[in-house]
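Now for the letters of each chain:
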Amino acid sequence: GLWSYGSSKHLQGTCEPCAEVCHREGCPDGMFCTRCHFPHTQEGTRKLGMFKRRYCQTFARVLCAGFEDRDTLYRIADKLGSTSPYLQRAIRGGETEGAAEEPAHPQWTGKSKKIIVSL
């Protein structure tokens, strides 16, 4: 899912990204994972893979669906997206519009949105 125990350290900048969350099956530890499930897609010379792009797009869709107030959404995007310029662009620039509607991996549910909104 979108949230894991390790994600609680994201805003302080002390989290360690989960390497498995963007894979087709998702993280086997789910919310009990000690690593961060928020997108970490630092700018670099390599193009992002399909699953990381879809993960960010799905993450952005969940955030956008949870906030009618765009100012609040953008403030949260700045905080959560500090480790993911792609996520920030997806939220601000509408890169999710052309994305497939299915989640990046099967374990995502609507419950994840409520956790993000509580931030």
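First things first, this report covers the structure right here in the doc. Going along each chain's sequence as written, the residues are numbered from 1 onward. Reporting of local features is limited, given that this is a predicted model, to residues whose pLDDT is at least 70; pairs of side-chain atoms are given and counted only at 80 or more, and all residues count toward the totals for whole chains, interfaces and linings. Water and hydrogen atoms were dropped before computing side-chain values, which therefore reflect all heavy atoms in the structure.

**Quick word on helix 2 (residues 70-80)**
Part 1 of the argument: For helix 2, the set of buried residues is Thr72, Leu73, Ile76, Ala77 and Leu80. Buried residues in helix 2, looked at end-on, bunch into an arc of 135 degrees, giving them a common side. Facing away from the buried surface of helix 2 by more than 90 degrees, the exposed residues are Asp71, Arg75 and Lys79.
Part 2 of the argument: By the criterion applied in these results, polar contacts are pairs of N or O atoms within 3.5 Å in which, for protein atoms, one can donate a hydrogen and the other can accept it, and in which residues neighboring in sequence qualify only through two side-chain atoms. Note on conventions: DSSP H or I runs of at least 4 residues are helices, E runs of at least 2 residues are strands, and numbering of each starts at the N terminus. Residue Asp69 occupies the N-cap position of helix 2, its side-chain oxygen lying 3.3 Å from the main-chain nitrogen of Asp71. The buried label goes to any residue with under 20% of its type's maximum accessible area, the exposed label to any with over 50%, and the partly exposed label to all in between, with areas taken from a 1.4 Å probe on protein chains only. Read the arc as the range of directions from the helix axis to the C-beta atoms.

**Things to note about helix 1 (residues 50-66)**
Part 1 of the argument: Between its terminal C-alpha atoms helix 1 stretches 24 Å, which fits the 24 Å expected from 17 residues at 1.5 Å a residue.
Part 2 of the argument: Within helix 1 the residues assigned to the buried category are Phe51, Arg54, Tyr55, Cys56, Gln57, Thr58, Phe59, Ala60, Arg61, Val62 and Leu63. Here the expected length of a helix is defined as 1.5 Å per residue gap, with one fewer gap than residues.

**A word on the packing of helix 2 against helix 3 (residues 85-93)**
When two helices pack together, their arrangement is captured by the angle between the axes and the distance separating the axes.
Part 1 of the argument: Note on definitions: angles span 0 to 180 degrees between N-to-C directions of axes, and those axes are lines fitted to C-alpha atoms, for helices only across the stretch in contact. Direction vectors running N to C along helix 2 and helix 3 enclose 170 degrees, while the axes themselves pass 9 Å from each other. The orientation of helix 2 with respect to helix 3, classified from their angle, is roughly antiparallel. Between helix 2 and helix 3, the residues in contact are Leu73, Tyr74, Ala77, Asp78 and Leu80 and Leu87, Gln88, Ile91 and Arg92, respectively.
Part 2 of the argument: Basically, the charged four are Asp, Glu, Lys and Arg, the nonpolar ten are Ala, Val, Leu, Ile, Met, Phe, Trp, Tyr, Cys and Pro, and anything else, Gly included, counts as polar. The class makeup of the residues in the contact of helix 2 with helix 3 is six nonpolar, one polar and two charged. For classification purposes, an angle smaller than 35 degrees is called roughly parallel, one larger than 145 roughly antiparallel, one from 65 to 115 roughly perpendicular, and anything else oblique. Pairs of residues are marked as contacts when any of their non-hydrogen atoms sit within 4.5 Å.

**Focus: the nonpolar core**
Part 1 of the argument: Definition of nonpolar core: a set of buried residues of the types Ala, Val, Leu, Ile, Met, Phe, Trp, Tyr and Cys, connected through side-chain atoms within 4.5 Å. Ranked by size, the top nonpolar core spans 18 residues in total, and within it Phe59, Leu63, Leu80, Leu87 and Ile91 carry the most contacts.
Part 2 of the argument: Looking at this core, the elements with two or more residues in it are helix 1, helix 2 and helix 3.
Part 3 of the argument: When residues of this core are assigned to their parent elements, the largest contribution, five residues, is made by helix 1.
Part 4 of the argument: Of all hydrophobic cores here, the second largest spans six residues; its members include Cys18, Val21, Cys27 and Cys33.

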